[in-house]
Amino acid sequence: MANAGASHERARLALSRPDLLITRAYIDGAWIDGERRIGVRNPATGGEIASTPDLGGAEAAHAVAAAEAALPGWRAHSAKERAAILRRWFELMLAHKEDLARLMTTEQGKPLAEARAEIAYAGAFIEWFAEEAKRGYGDIIPGHARDARIWVDRRPVGVVAAITPWNFPAAMITRKVAPALAAGCTVVLKPSELTPFSALALAALSAEAGVPAGVFNVVTGAPQAIGEVFVSDPRIAKFTFTGSTAVGKMLAARCMDTVKRVSLELGGNAPFIVCADADIEAAVAGAIASKFRNTGQTCVCANRFLVHEAAYDAFAEGLAERAHALRVGDGLAAETDQGPLIDRRALAKVEAHVADALQRGARALTGAAAHAAGAPFYQPSVLVDVDANALLCREETFGPVAGLVRVSDDAEAVALANASRAGLASYVFSRDFSRAHRISEALEYGMVGLNTGLISTEVAPFGGCKESGIGREGSRYGLAEFQELRTVCAALDEVPLRAYSALNAIGTVT
Ligand code: SIN
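Scoring rules and cut-offs
Residues numbered from 1 in each chain as written. Predicted model: local features only at pLDDT ≥ 70, side-chain atom pairs only at ≥ 80, totals over all residues. Heavy atoms only, no water. Salt bridge = Lys/Arg side-chain N within 4 Å of Asp/Glu carboxyl O. Helix = DSSP H or I, 4+ residues; strand = E, 2+ residues; numbered from the N terminus. Buried < 20%, exposed > 50% of the residue type's maximum accessible area, 1.4 Å probe, protein only. Domains from an automatic or database assignment. Contact = heavy atoms within 4.5 Å. Buried area = accessible area lost by both parts, 1.4 Å probe. Polar contact = N/O pair within 3.5 Å; in protein donor to acceptor, adjacent residues only side chain to side chain.

(A) Structural detail: the pattern of salt bridges. According to the stated counting rule, one finds 28 salt bridges in the structure shown. The salt bridge partner of Glu228 is Arg254, with a shortest N-O separation of 2.8 Å. Of this pair, Glu228 sits in helix H8 (residues 223–232) while Arg254 is found in helix H9 (residues 245–255), placing the two residues 26 residues apart along the sequence. Residue classification places Glu228 among the partly exposed positions, given a relative accessible area of 35%. For Arg261, the salt bridge is made with Glu484, and the minimal N-O distance between the two is 3.1 Å.

(B) Molecular detail of unusual backbone geometry. Geometrically, the link from Ala375 to Pro376 is a cis peptide bond, its omega value of 0 degrees lying close to zero. Structurally, Pro376 can be placed in the loop between strand E14 (363–366) and strand E15 (381–384). For Asp28, which is not glycine, the phi torsion reads 55 degrees and is therefore positive. Here Asp28 lies in the loop between strand E1 (25–27) and strand E2 (30–32). Look at Asp385: it is not a glycine, yet its phi comes out positive at around 55 degrees. Given a relative accessible area of 30%, Asp385 falls into the partly exposed group.

(C) Broad picture of the domain arrangement of the chain. What the domain assignment reports for the chain is domain 1 (2–265 + 474–486) and domain 2 (270–450). Computed over C-alpha atoms, the centres of domain 1 and domain 2 are 31 Å apart. At the junction of the two partners, domain 1 supplies 19 residues and domain 2 supplies 21 residues. Here domain 1 and domain 2 share an interface that buries about 1600 Å² over both sides, 60% of which is from carbon and sulfur atoms. The interface formed by domain 1 and domain 2 includes 1 salt bridge. Between Arg12 and Asp330 there is a salt bridge, with its nearest N and O atoms 2.8 Å apart. Applying the counting rule to domain 1 against domain 2 returns 6 residue pairs in polar contact (both at pLDDT 80 or more).

Dropping the structure here:
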């Protein structure tokens, strides 16, 4: 892997708006520098693209103060006014889609086609919540006494702190920030220090769209000091996190000291069940989409393939053939299907999982080795005869390795699928709709793909059960995560019914 210099990386970026590569944090409508900086590397080349400020607790607290100060003004906007600003933000994202995609590929590594798709996906959350902003309906509840009137409305929860991961540098931000702003909340975001440039470009476009100063703040830096403010500052009403299960649990526990609202989108261990009667071609296509998207680095990537023995060989051969044909390389190259892993640590985990599976008796049909492009590239891999107790099946691999377990009936597949503390995504392939539906009902997962490997869309709720998270993002349910129900219980003065009878009578006469 070549070690390209910063000027080389920037030249390769070739942005039509070079000012979208921003190297400062964004707090209270101002671009902020820091004494210390963190270099951001292109995972495909190892070259440093640029650096961003390594801010700490003081700057995070400053951003929280800005968000708190901006809250009354933003909350007072009508829903329609907030919607119009969000809509403009969405349109600006579309107008700069190519630049945003190039920034993303350069800092994250995913192929340009996937980066473009992520920008469209990320923008769709802003478009969706611009529309939903106007639909935060309340309720009128029949009173519990003759003089009682009760209504319920939805209030913004207040200042929101968000931590987002590197695997989707734009969509995980808009999936949280768009509903928060739509609801009338203000936000302090800490993006991953590995992929801050997408977040900063989004912040710049939000300002151009008219999001007022202090309403959306981006604090760059290492996680510890900033995270400490996010979980402990009493001015923050809601904490929302996408990342690892271990970190999410720890942060959520800290949030309880100040009883913050918490949403968590944590790790998965997605089972991919192929029934005896599955359409093999469709199952292979679904597996390629689910397993190899983003080099296997999504929380909803198929992690364990539970394949009926009657379909096993055909599915394994088909998958290996398609995986072998994937072209691995720099995401900026037009022909690339699979980019690098995010870093060497990710590569070491993939290698450890593969070594463990092989040691337990698995065989590689393709891959199972580092790629000639060098670290952190890894070959798309398919392993058969995988032991259900292998690390590949017990932990989230987050890499381009499909491990196939042989099962002899649907009950065994469901039992293995549910034998996990994770409960995010799951997949079932069968030609028999009743059978697929029954299996989907038995799966303890927040999301099920039936005969499809792609389940993510802004219109459907995204989230998990068990230790995969709390709450849902996207869809009409996503707005409620940033709203508080407020009940008003009113006692009316006693008015003799007669008085109204008289008024009604007058009304009738006139
Ligand atoms: C994730 O990996 O956390 C998100 C994946 C998606 O939205 O499809």
